[in-house]
Amino acid sequence: MRDDVELLIAGGGLTGLLLGLACAGAGLSVAVVDRQDPSALLADSFDGRSSAIGYGSHQVLEGIGLWPRLAGEAEPILEIRVADDNSPLFLHYDHRELETGVPLGYIVENRILRRALIDRLESIPNFRLLAPLAVDSISTSALGATALLSDGRQMRTRLVAAADGRSSPLRLAAGIRTIEWRYPQTSIVTTVRHERPHFGVAVEHFMPAGPFAILPMTGNRSSIVWTERAELAPRLAGLSDAAFAAELAARFGDFLGNVEPIGPRWMYPLTLLLAEEYVSTRLALVGEAAHTIHPIAGQGLNLGIRDIAALAELVIDARRLGLDIGADSLLWHYQQWRRFDTLALAAVTDGLNRLFSNSLAPIRLARDAGLAVVNRLPPLKRLLMRDAMGIVGDLPRLVRGEPL
Ligand SMILES: Cc1cc2nc3c(=O)[nH]c(=O)nc-3n(C[C@H](O)[C@H](O)[C@H](O)COP(=O)(O)OP(=O)(O)OC[C@H]3O[C@@H](n4cnc5c(N)ncnc54)[C@H](O)[C@@H]3O)c2cc1C
């Protein structure tokens, strides 16, 4: 029997759409199924976040032909300053300290990324976005997979990618177990306009309740990720405009002059989730379906982008050789490739959050000394900078700046 599509992707969040573009752009027939209405996905009210995209992820977006649509609306990150509450010791990353001189990364608004993806995908004839529809179930065999969609339609395919988010119904149905816990923290996300330019400097202040991040956006704007105790966050987010602006200014400081919140406030309860397996028969998990990590280092989407770069490479190579793109051996290779990166980042982000989100004096002394030591050891600092840029380890071709 003929397949309806070679690759079926459940979930049209950023990860699912990026995988769709990487594979459809390389000639595969691809369908993305999402249960949300596309007009809701594209509404300004859908997702208030901006993403810090590391330089390695930028290479992927360039390689799949998306960057020209984003470049004018992405702000380069030239420096990162990490400060521990009011301590004078801080860690300072500067892109000029690296021999390449490229930006450490970029800040891109999620709504702009989503819009660029959908616009680009609309021009690819071998791509289909099926929405609003859910993938209700999949049945798999050695020969292929069949997905049952919520309108009763059945779609035959070689491989199903579950990009269906942290509660991934497909992961649950496949019986893949997870390690997960909820952080006692919620992030409040909003945008501010400030009097003075930020010059591409991202700032992270560690406060006892959690990190307060200031991410440079285009114009004199910054995206705020303000992590607070879970029980306090709704009260803060619900304050009047004037009271909210005062609380925010107290944390922001005056280094950029007057600061004015613009636009809505969003809240994101924080969790950690790691799938014990990333694959099952003819099924591969990507993005938050496989891992959800603390946003302390702005790395969740970057991990998902490395997932899709790795999976797309394996799938495209297999297809060029006339091999089965849903074969167990390919899926096993994908899992082996992605596991270490994910576990390492989950452990580092969880550890950083535990180390910095408290005000115990001895811990504070030790961590401030640690920041100062890293700051004075250029080779170690350069390694950490490259790690934050997502350009360390066994990297997929797209991350290395090579074509698929
Ligand atoms: C406060 C905060 C700040 C962050 N900042 C950064 C940052 O600076 N840099 C960074 O790299 N990362 C960051 N992240 C992480 C990043 O936002 C996420 O990793 C990313 O958005 C996850 O995308 P996803 O596509 O994997 O999942 P989701 O966005 O959850 O998408 C899943 C999609 O699947 C669909 N779906 C679910 N079930 C089905 C079904 N059965 N059938 C069809 N469709 C289905 C849903 O409708 C949804 O559209 C941050 C996260 C938070 C919480």
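For the structure itself, look to the data block above.
Quick notes on the rules
- Residues numbered from 1 in each chain as written.
- Predicted model: local features only at pLDDT ≥ 70, side-chain atom pairs only at ≥ 80, totals over all residues.
- Helix = DSSP H or I, 4+ residues; strand = E, 2+ residues; numbered from the N terminus.
- Buried ≥ 20, exposed ≤ 12 C-beta atoms within 10 Å, placed from the backbone.
- Contact = placed C-beta atoms within 7 Å.
- Near = placed C-beta within 6 Å.
- Nonpolar A, V, L, I, M, F, W, Y, C, P; charged D, E, K, R; others polar.
- Axes fitted to C-alpha atoms, helices over the stretch in contact; angles between N-to-C directions.
- Parallel < 35°, antiparallel > 145°, perpendicular 65-115°, else oblique.
- Left-handed = near helix turned anticlockwise from the far one by under 90°.
- Pairing = 2+ DSSP bridges.

(A) Seen up close, the overall build of the protein. If you tally the helices and strands in the protein, you get 12 helices and 20 strands. Taking the principal axes of its C-alpha atoms as reference, the protein extends roughly 65 × 45 × 40 Å. A total of 404 residues make up the protein; the buried ones form 46% of that total. Taking as baseline every contact in the protein between residues at least 6 positions apart, the subset at least 24 positions apart corresponds to 74%.

(B) Region of the structure containing the site of the ligand. The ligand sits among 33 residues. The nearest are G11, G13, G165, G287 and G300. Elements that contribute at least two residues to the shell around the ligand include exactly α1 (14-25), β3 (50-54), β13 (178-194) and α9 (300-320). For the shell around the ligand, the leading source of residues is α9, giving four residues. Here the shell around the ligand is composed, by residue class, of 13 nonpolar, 15 polar and five charged.

(C) A look at the packing of α1 against α9. α9 packs onto α1 with a crossing angle of 30° between their chain directions and a minimal axis gap of 9 Å. Compared by their axis directions, α1 and α9 come out roughly parallel. Considering the relative orientation of α1 and α9, their crossing is right-handed. Within the contact between the two elements, α1 uses L14, T15, L18, L19, A22 and C23 and α9 uses L301, G304, I305, I308, L311, A312 and V315. Within the contact of α1 with α9, the residues separate by chemical class into 11 nonpolar, two polar and no charged.

(D) Expanded view of the environment of Q335. Tracing the sequence through the fold places Q335 in helix α10 (residues 328-356). A count of 17 C-beta atoms within 10 Å places Q335 in the partly exposed class. In sequence terms Q335 and A284 are 51 residues apart; their C-alpha atoms lie 8.4 Å from each other. What Q335 contacts, discounting residues up to four positions off in sequence, is E277, Y278 and V279.

(E) Structural detail: the environment of N358. Positionally, N358 belongs in the loop between α10 and α11 (361-376). For the pair N358 and R196, spaced 162 residues apart in the sequence, the C-alpha separation amounts to 31 Å. Once residues within four sequence positions are removed from consideration, N358 is found in contact with P208 and I363.

(F) The sheet that holds strand β8 (residues 127-130), seen in detail. In space, the six strands of this open sheet follow the order β8-β2-β1-β12-β19-β18, with mixed pairing throughout. Edge positions in the sheet fall to β8 and β18 (279-280), since each of these pairs with one other strand and no more.

(G) Main features of the environment of G63. In this structure, G63 sits in helix α3 (residues 55-63). The sequence separation of G63 and A309 amounts to 246 residues, and the corresponding C-alpha distance is 9.8 Å. Leaving out residues up to four positions away in the same chain, G63 has contacts with L398, P403 and L404.

(H) The arrangement of the packing of α1 against helix α5 (residues 110-122) in detail. The interhelical angle for the contact between α1 and α5, taken along N-to-C directions, is 30°, at an axis separation of 10 Å. You can see that α1 and α5 cross each other, and the crossing is left-handed. Of α5, the residues touching α1 (which contributes L14, L17, L18, G20, L21 and A24) are N110, L113, R114, L117, I118, R120 and L121. Taken together, the residues that form the contact of α1 with α5 break down as nine nonpolar, two polar and two charged.

(I) Seen up close, the sheet that holds strand β7 (residues 105-109). Pairing within the open sheet is antiparallel, and its three strands lie in the order β3-β7-β4. The strands lining the two open edges of the sheet, one partner per strand, are β3 and β4 (75-77). Taking each pair of neighbouring strands and ignoring which way they run, the sheet shows an average axis angle of 30°. Bridge count between β4 and β7: three bridges; the pairing is antiparallel. In the strand pairing of β7, I77 is matched with G105. Packing of α5 onto the sheet brings it into contact with β3 and β7, and relative to β7 it is tilted by some 80°.

(J) Molecular detail of unusual backbone geometry. Omega for the bond connecting A131 with P132 falls within 30 degrees of zero, at 0°, which places this linkage in the cis form. Looking at where P132 falls in the secondary structure, it is placed in the loop between β8 and β9 (135-140). Unusually for a residue other than glycine, F199 sits at a positive phi of about 55°. With respect to the element layout, F199 can be found in the loop between β13 and β14 (201-207).

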